[in-house]
Amino acid sequence: MAFRIGQGYDLHALCANKPLTLGGIIIPESSKGTIAHSDGDVLLHALIDALLGACALNDIGYHFPPSDDKYKNIDSTVLLEKVMKLIAQENYILVNIDSTVFLEKPKLSPHVFNIRARLSTLLCHPIESISVKAKTAERFAPIGTQEAIAASATVLLQNK
Ligand code: MG
């Protein structure tokens, strides 16, 4: 049985008066959203890069170039769905995910379960194998000064 590990990381600048989309849900308490070509969902982007990386299938920018207008403001859940199809074509299935979101404010802990549940639905995978952790940057820039949000994700895949 073959296993493949993958890791991904993403960071976006934050701006005022925009909804914050994270892990496929809106974080209602956030007064800032990401500056991005797509919906700027850093957690889904890190996860997509981890999934592609595990199969050595290049990266998110290769598959969904920001220069292509069809990806403008796109819902990143659509991109995740496409990547899961690529993984299946390679004959791999997901084993587990571990991820971390780095955001100073608002506190994400009340939303962690909902994000895990959303990922579980999107990936058709048990929530018990999907970990999402939240950290601040201890007020250090640029995440700590609330100018940016970042996420990292690690995935394990198994040959079908
Ligand atoms: Mg991104």
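Above this text is the structure in question.
Residues numbered from 1 in each chain as written. Predicted model: local features only at pLDDT ≥ 70, side-chain atom pairs only at ≥ 80, totals over all residues. Heavy atoms only, no water.

## Overview of unusual backbone geometry
Of note, the bond from Lys105 into Pro106 is cis; its omega dihedral lies within 30 degrees of zero at -5°. With respect to the helices and strands, Pro106 occurs in the loop between β5 (92–102) and α4 (112–123). With an omega of -15°, the peptide bond running from Ala141 to Pro142 counts as cis. The residue Pro142 is located in the loop between β6 (130–135) and β7 (148–159) in this model. Non-glycine residue Glu138 carries a positive phi angle of around 55°. (Helix = DSSP H or I, 4+ residues; strand = E, 2+ residues; numbered from the N terminus.)

## Quick look at the coordination of the magnesium ion
Think of it this way: four donors in a tetrahedron around the metal ideally sit 109.5 degrees apart, and six in an octahedron ideally sit 90 or 180 degrees apart. The coordination sphere of the magnesium ion contains the protein donors Asp10 (OD), His12 (NE2) and His45 (ND1), at a distance range of 2.1 to 2.3 Å. In primary-sequence terms, the residues that donate to the magnesium ion follow D-x1-H-x32-H. With Asp10 in strand β1 (residues 3–16) and His45 in helix α1 (residues 42–54), the pair connects residues that are 35 residues apart, well separated along the chain. When its relative accessible area of 16% is taken as the criterion, Asp10 is described as buried. Note on His45: relative accessible area 7%, which makes it buried. (Donors = N, O, S within 2.8 Å, 3.2 Å for Na, K, Ca; no water. Buried < 20%, exposed > 50% of the residue type's maximum accessible area, 1.4 Å probe, protein only.)

## Some details on the pattern of salt bridges
Pairing is possible between side chains of opposite charge, provided their charged atoms come close. Applying the stated rule across the entire model yields two salt bridges. For Lys70, the salt bridge identified is with Asp68, shortest N-O distance 3.8 Å. Between Asp98 and Lys133 there is a salt bridge whose closest N-O contact spans 2.8 Å. In this pair, Asp98 is assigned in strand β5 and Lys133 in strand β6, connecting sequence segments 35 residues apart. Owing to a relative accessible area of 33%, Asp98 belongs among the partly exposed residues under this scheme. (Salt bridge = Lys/Arg side-chain N within 4 Å of Asp/Glu carboxyl O.)

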